[in-house]
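# Descriptive structure summary
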Amino acid sequence: MAKSLKKLLIVLGVFLFIYISFVTLDCIRLRNAKSGTKPIITTNMAEYENGNKYFGLGYSVKYYTDRSEDINGNILVRGYGAEFRLFDKILVWAWVE
């Protein structure tokens, strides 16, 4: 019984390490990418009047955008912020202009 429990704990530890590595790499990638970049694995998306929110595996990233109209009637979209949250609760990083 002790051998099988030890193997199970090793397998769970490996999966946990892989998951933490995946979230860390995607967090760094999204931090350095341009505004509006989706997570590697996007499970869901929500659209708001001031931006979009993408859900990954256990984390979410929300991009804030501002829409305005120029003198010619063209709609200009400008990103002014983003935030990365774990489990949609814990703020990891954010930026706002």
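Preceding block: the structure.
Described below are features of the structure shown in this document. (Residues numbered from 1 in each chain as written. Predicted model: local features only at pLDDT ≥ 70, side-chain atom pairs only at ≥ 80, totals over all residues. Heavy atoms only, no water.)

## Considering the pairing of strand E2 (residues 51-55)
- The sheet contact formed by strand E1 (residues 44-48) and E2 spans five bridges and is antiparallel. Looking at the pairing, alanine 46 lines up with lysine 53 of E2.
- Taken together, E1 and the strand that follows it, E2, pair antiparallel across an intervening segment of two residues.
- Of the pairings in the sheet, the one linking E2 to strand E3 (residues 59-69) comprises five bridges and is antiparallel in character. Paired with asparagine 52 across the two strands is tyrosine 63, which belongs to E3. (Pairing = 2+ DSSP bridges. Helix = DSSP H or I, 4+ residues; strand = E, 2+ residues; numbered from the N terminus.)

## Topic: the side chain of threonine 65
- With respect to the secondary-structure elements, threonine 65 resides in strand E3.
- Take threonine 65: its relative accessible area is 19%, and that puts it in the buried class. (Buried < 20%, exposed > 50% of the residue type's maximum accessible area, 1.4 Å probe, protein only.)

## Quick look at the pairing of strand E5 (residues 90-96)
- Where strand E4 (residues 75-86) lies against E5, six bridges are found, and the strand directions are antiparallel. Looking at E5, one finds that arginine 85 is bridged to leucine 91.
- Connecting E4 to the antiparallel partner E5 that follows it, the hairpin turn spans three residues, and phenylalanine 87 within it adopts a positive phi of roughly 55 degrees.

## Let's talk about the sheet that holds E4
- A sheet is described by the order of its strands in space; here five strands give the open sequence E1-E2-E3-E4-E5, paired in antiparallel fashion. Edge positions in the sheet fall to E1 and E5, since each has one partner strand and no second. With direction set aside, neighbouring strand axes in the sheet form an average angle of 20 degrees.
- Across the sheet, helix H1 (residues 2-32) is in contact with E3, E4 and E5; its angle to E3 comes to roughly 15 degrees. (Axes fitted to C-alpha atoms, helices over the stretch in contact; angles between N-to-C directions. Contact = heavy atoms within 4.5 Å.)

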